[in-house]
Amino acid sequence: MDDSSLIAELESAVPKEREALVEVLTPLMEFDRRKLYAEEGFYSLFLYCTRALGYSEQAAFQRTATARTARSFPQVLELLQSGALHMNAVVMLAPYLMEDNCRTLFTLAQGKSRRELEFFLAGISPRPDKPDYIRPISASCAPCAEAAADPRESPVERPAQSLIEPASSCRVRFAFTGSETLLRKIERAKQLLRHKHPDGSLERIIEESVDMLLDKQDPERRILRKALRPEHPNGVVSGRTKPTDSGRLVRDIPQQVKDAVWQRDGGCCAFIGPDGKRCAERGMLEYDHIRPYSMGGASDDPANIRLLCRTHNQMFARRMFGEQAGDPRTIRD
Ligand SMILES: [Zn+2]
């Protein structure tokens, strides 16, 4: 193949690639709208894209963020297909887009490099907060890791762990934007803990605060504490607890039932996807009545309670009670 044929072949392949991208994004938008990732056993669209579709985290993040943007601003698909905008530009523009400025922003962003777009967007107000990022660094290379951190990473569907690289003897750098109220609270915590941490190290103050929170909120810690007690008269619930004196059903799930369910389900969402794989979500967990309380399901029987992530709890609520029930404000069981 001579040089000119090679160039012609390359140049004709690029539009096909853009077209293929739009062919992926279009069903992805509808898949997201129907929340089918939940039916397939995943907590989020991002996880579905990485684990089921095999995209890299960066590719999944770009497609997820772009599909979400295109749901609100469908002209994005045309701009991508024509090559006027690339996905990176769409992701960068997303936090700034509104009905009354989208046309201008799409026009002004065309043909700009990432750096040019950064400068362009920096001039637009109000500027969104910098997203949180957590990045491991070795003690010896703090400055270069700081320089490498990208403060413009969009937070859309990007789990923090995607920025954590496996490391054994590393330290981790935390950075986030918070309110002035939070700053005052941290300053106050420093004052209260000064006798213990006279240097006011943020790391120690925050670690101590998080420990206090976990002692109070983490079922695993509570179960461990209970197990370490020399005697615990109630023991671990293995069956149904006693009904209330009046024999009425009670909506609130007793703590000992919650603990038993947490242990049985291993602190993880219990939903099993159609391929037999269990949802791996360990955050945003909720206790779900398998037979809803409103239909007579017991709250005091561990066999009727399961752990579900919010996505799957809402999915079951939608299946049972219709679309409205999937709204977190209306979810009841
Ligand atoms: Zn789940």
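Up top is the structure these notes are about.
Procedures and definitions
- Residues numbered from 1 in each chain as written.
- Predicted model: local features only at pLDDT ≥ 70, side-chain atom pairs only at ≥ 80, totals over all residues.
- Heavy atoms only, no water.
- Helix = DSSP H or I, 4+ residues; strand = E, 2+ residues; numbered from the N terminus.
- Buried < 20%, exposed > 50% of the residue type's maximum accessible area, 1.4 Å probe, protein only.
- Lys, Arg positive; Asp, Glu negative; His and termini not counted.
- Salt bridge = Lys/Arg side-chain N within 4 Å of Asp/Glu carboxyl O.
- Polar contact = N/O pair within 3.5 Å; in protein donor to acceptor, adjacent residues only side chain to side chain.
- Contact = heavy atoms within 4.5 Å.
- Phe/Tyr/Trp six-rings, centres within 6.5 Å; stacked < 30°, edge-to-face > 60°.
- Lys NZ or Arg CZ within 6 Å of the ring centre and 35° of its normal.

Despite not being glycine, Lys 35 has its phi angle at roughly 55 degrees, a positive value. Following the sequence through the fold, Lys 35 ends up in the loop between α1 (3-33) and α2 (36-39). Overall, the relative accessible area of 31% leaves Lys 35 in the partly exposed class. With phi around 50 degrees, Met 284 is a residue other than glycine that occupies positive phi space. Structurally, Met 284 is set in the loop between α13 (255-264) and β3 (285-289).

Our next topic: the side chain of Glu 281. Tracing the chain through its elements places Glu 281 in the loop between α13 and β3. The side chain of Glu 281 sits in the buried core without any salt bridge; Arg 51 is the nearest counter-charge, 6.9 Å away. A distance of 3.0 Å separates a polar atom in the side chain of Glu 281 from the backbone nitrogen of Gly 283. Those residues in contact with Glu 281 that lie beyond four places of it in its chain are Tyr 43, Leu 47, Cys 268, Cys 269 and Cys 309.

All right, on to the environment of Glu 99 then. Its place among the elements puts Glu 99 in the loop between α6 (87-93) and α7 (102-109). For Glu 99, a relative accessible area of 64% puts it in the exposed group. The spatial distance from the C-alpha of Glu 99 to the C-alpha of Phe 73 is 8.3 Å, given a sequence separation of 26 residues. If we ignore the near neighbours within four places in the chain, the residues touching Glu 99 are Ser 72 and Phe 73.

This part takes up the pattern of salt bridges. Summed over the entire model, instances satisfying the criterion amount to 19 salt bridges. Glu 39 is the partner of Arg 319 in a salt bridge, and the nearest nitrogen-oxygen pair spans 2.4 Å. Placement of the pair is Arg 319 in helix α14 (residues 310-321) and Glu 39 in helix α2, with a sequence separation of 280 residues. Note on Arg 319: relative accessible area 49%, which makes it partly exposed. We classify Glu 39 as partly exposed; its relative accessible area is 27%. For Arg 264, the salt bridge identified is with Asp 265, shortest N-O distance 3.0 Å. With a relative accessible area of 9%, Asp 265 lands in the buried category. The network of salt bridges with common partners includes Glu 30, Arg 33 and Arg 34.

Here the focus is the packing of aromatic side chains. Tallied over the full model, the rule gives four aromatic pairs. Between Phe 271 and Phe 316 the ring centres are 5.8 Å apart and the planes differ by 65 degrees, which places this aromatic pair in the edge-to-face class. On the criterion of sequence distance, the pair formed by Phe 271 in the loop between α13 and β3 and Phe 316 in helix α14 is long-range, its members being 45 residues apart. Each member of the pair Phe 271 and Phe 316 is classed as buried. Among the aromatic side chains, those forming a connected cluster through ring pairs are Phe 31, Phe 42 and Tyr 48. The ring of Phe 120 carries the charged tip of Lys 112 above its face, separated from the ring centre by 5.2 Å.

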